[in-house]
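The chain contents come next:
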Amino acid sequence: MINLELEKSRCLNCAHRPCSIEGCPLNNDIPDFIHAEGQNAMDIVYSKTVLPSICGRICPHYKQCQGSCVHGKIDNPLEIGMIEASIGDEAIATDYKIKTNIDNDLVEKHVAVIGGGPSGLTCAAFLARRGIKVTIYEKHNELGGLLVHGIPEFRLSKTTVEQTIKLILDLGIEVKLNQELGKDFTIDGLKLVHDAIYIAIGANEPVITMEGSNVYSANVLLEDKNFPDFTNKKVAISGGGNTAIDMARVAKRMGAEATVVYRRSEKQMPAEPREVDDASRDGVQFMLQTNILNFENNKLKCIKTELIKLEDDDRLSPVNIDGTEFEIDCDYLILANGSCPNKKIVNEFDLNKGGYISVNENLETSIENVFAGGDVIGTKATVAWASRNGRDAAEKIINKLKNN
Ligand code: SF4
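One structure accompanies this document, and this report is about it. (Residues numbered from 1 in each chain as written. Predicted model: local features only at pLDDT ≥ 70, side-chain atom pairs only at ≥ 80, totals over all residues. Heavy atoms only, no water.)

We now examine the sheet that holds strand S9 (residues 285–287). With parallel pairing, five strands are arranged side by side in an open sheet as S6-S14-S7-S8-S9. Two strands close off the open sheet at either side, each with one partner strand: strand S6 (215–217) and S9. Pairwise comparison of adjacent strand axes, ignoring direction, gives a mean angle of 25° for this sheet. The pairing of strand S7 (residues 234–238) with strand S8 (residues 257–261) spans five bridges and is parallel. Bridge pairing in S8 places Ile 237 opposite Val 260. Strands in contact with helix H14 (residues 242–253) are S7, S8, S9 and strand S14 (332–335); relative to S8, the strand with the most contacts, it is inclined by about 165°. (Pairing = 2+ DSSP bridges. Helix = DSSP H or I, 4+ residues; strand = E, 2+ residues; numbered from the N terminus. Axes fitted to C-alpha atoms, helices over the stretch in contact; angles between N-to-C directions. Contact = heavy atoms within 4.5 Å.)

Around the ligand, a shell composed of Cys 11, Leu 12, Asn 13, Cys 14, Pro 18, Cys 19, Pro 31, Cys 69, Val 70, His 71 and Ile 80 is seen. The residue makeup of the shell around the ligand, split by class, is nine nonpolar, two polar and no charged. (Near = heavy atom within 4 Å. Nonpolar A, V, L, I, M, F, W, Y, C, P; charged D, E, K, R; others polar.)

Across all of its chains, the model carries 32 salt bridges by this definition. With its nearest N and O atoms 3.0 Å apart, the salt bridge here joins Lys 166 to Asp 170. The salt bridge involving Glu 275 is made with Arg 274; its shortest N-O contact spans 3.7 Å. Among the residues examined, Arg 274 registers a relative accessible area of 37% and is labelled partly exposed. Where salt bridges share partners, they join Arg 155, Asp 246, Arg 249, Arg 253, Glu 272, Arg 274, Glu 275 and Asp 282 into one cluster. (Salt bridge = Lys/Arg side-chain N within 4 Å of Asp/Glu carboxyl O. Buried < 20%, exposed > 50% of the residue type's maximum accessible area, 1.4 Å probe, protein only.)

What follows deals with helix H11 (residues 158–169). Here H11 spans 16 Å end to end across 12 residues, near enough to the 16 Å set by a 1.5 Å rise per residue. Taken together, the buried positions of H11 are occupied by Thr 160, Val 161, Thr 164, Ile 165, Leu 167 and Ile 168. Seen along its axis, H11 keeps its buried residues to an arc of 155°; they face one direction. Looking at the buried positions of H11, the neighbouring elements they touch are helix H4 (38–46), helix H5 (52–58), helix H8 (80–93), helix H9 (118–128) and helix H10 (146–149). (Expected span 1.5 Å × (residues − 1). Arc of directions from axis to C-beta.)

Right, let's talk about the pairing of strand S12 (residues 316–320) for a bit. Bridge count between strand S11 (residues 299–309) and S12: five bridges; the pairing is antiparallel. Looking at the pairing, Lys 309 lines up with Leu 316 of S12. Where S11 folds back on S12, the antiparallel hairpin that results is connected by six residues, among which Asp 312 adopts a positive phi of roughly 65°.

Below, the discussion takes up the environment of Arg 155. Structurally, Arg 155 is set in the loop between H10 and H11. A residue is classified by how much of its surface remains accessible, and Arg 155, at 14% relative accessible area, is buried. Here the alpha-carbon distance between Arg 155 and Arg 57, two residues 98 residues apart in the chain, equals 8.2 Å. Apart from residues lying up to four places away in sequence, Arg 155 is in contact with Ile 58, Asn 242, Asp 246, Arg 249 and Glu 275. A polar contact is formed between the side chain of Arg 155 and the side chain of Asp 246, at a distance of 2.9 Å. (Polar contact = N/O pair within 3.5 Å; in protein donor to acceptor, adjacent residues only side chain to side chain.)

Encoded structure:
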């Protein structure tokens, strides 16, 4: 158990603030909140983020703030994530009120935020705290996006998400649930009654690399929570990202023999090392440097790979090794090989090469006064970066509304 007071006392209050400036996607004022107490610490944290209890728990800190902490060169980086989460938890426990800075020029403005995940919630909060009327349109019957429909409960409790959202909604934000873009409303319709729109619908459509019976998408299963009965079943999960690891841990907890099949080595896995370690401890097995060839009649046919440096590629590429094919018994194959935006919805915008909504430096799309951020524009798939887009978009929207 880490003593947080002792941990805070290790902070050197570095003048060049690498944890904040180089490490944290949100540029949170880390040394300032470490050296503050109570209400002051909460005000400092909430000046840059509205998701401290969440980011403090699930961000890949070893790559971000903690990865930049100078203590990493001396002994161990500070546990910045835990400190941030503790301040967020204190805000929840004390029914903290997020500070506002109402601008009278903005109080008649009305902005629609489509998507109630981390990016949409952050944008909504940073707009509302300036006095703008905000309505969030969410396709599910609850807010949270991937925080509740992607990350399993054992990694992030639903209570923490709900309590975090409550502080945000206390800013006076209106919420319309069970409202899906393209089905229940359109961009043109929203434009008639809103001054600007922020789209943060994520990119949760599975990239399907194989079809067949007993083949599922991890994104869909984690979103809908409509799992097959995995009890005593052999389940293979294809992929090496956090979604693959989350899915494997969920299947394991449901009684499956879960195996992650990944074509590169553990070192190249996009998943966080901490999550991979936790999955191993849970009993999830790993078949690395292995490609799946097909899945038929409860047999998964695989082949081993070698990793080769190809020209113009900074990652090692997996290449099948002839003659190393093998089969294992398998009841279910779950694909976790990536995701993309819903094509039907994003097609009305100019798209970039990856099929994501294209935005300019102001996060504005090809449709005037419609902004977008988070996974739907192909931002690095982390909650902190999605949230950073939401905060930046709020600033850009405010600038535009004030100058119109
Ligand atoms: Fe404190 Fe580490 Fe940030 Fe320096 S880099 S201010 S020691 S948290």
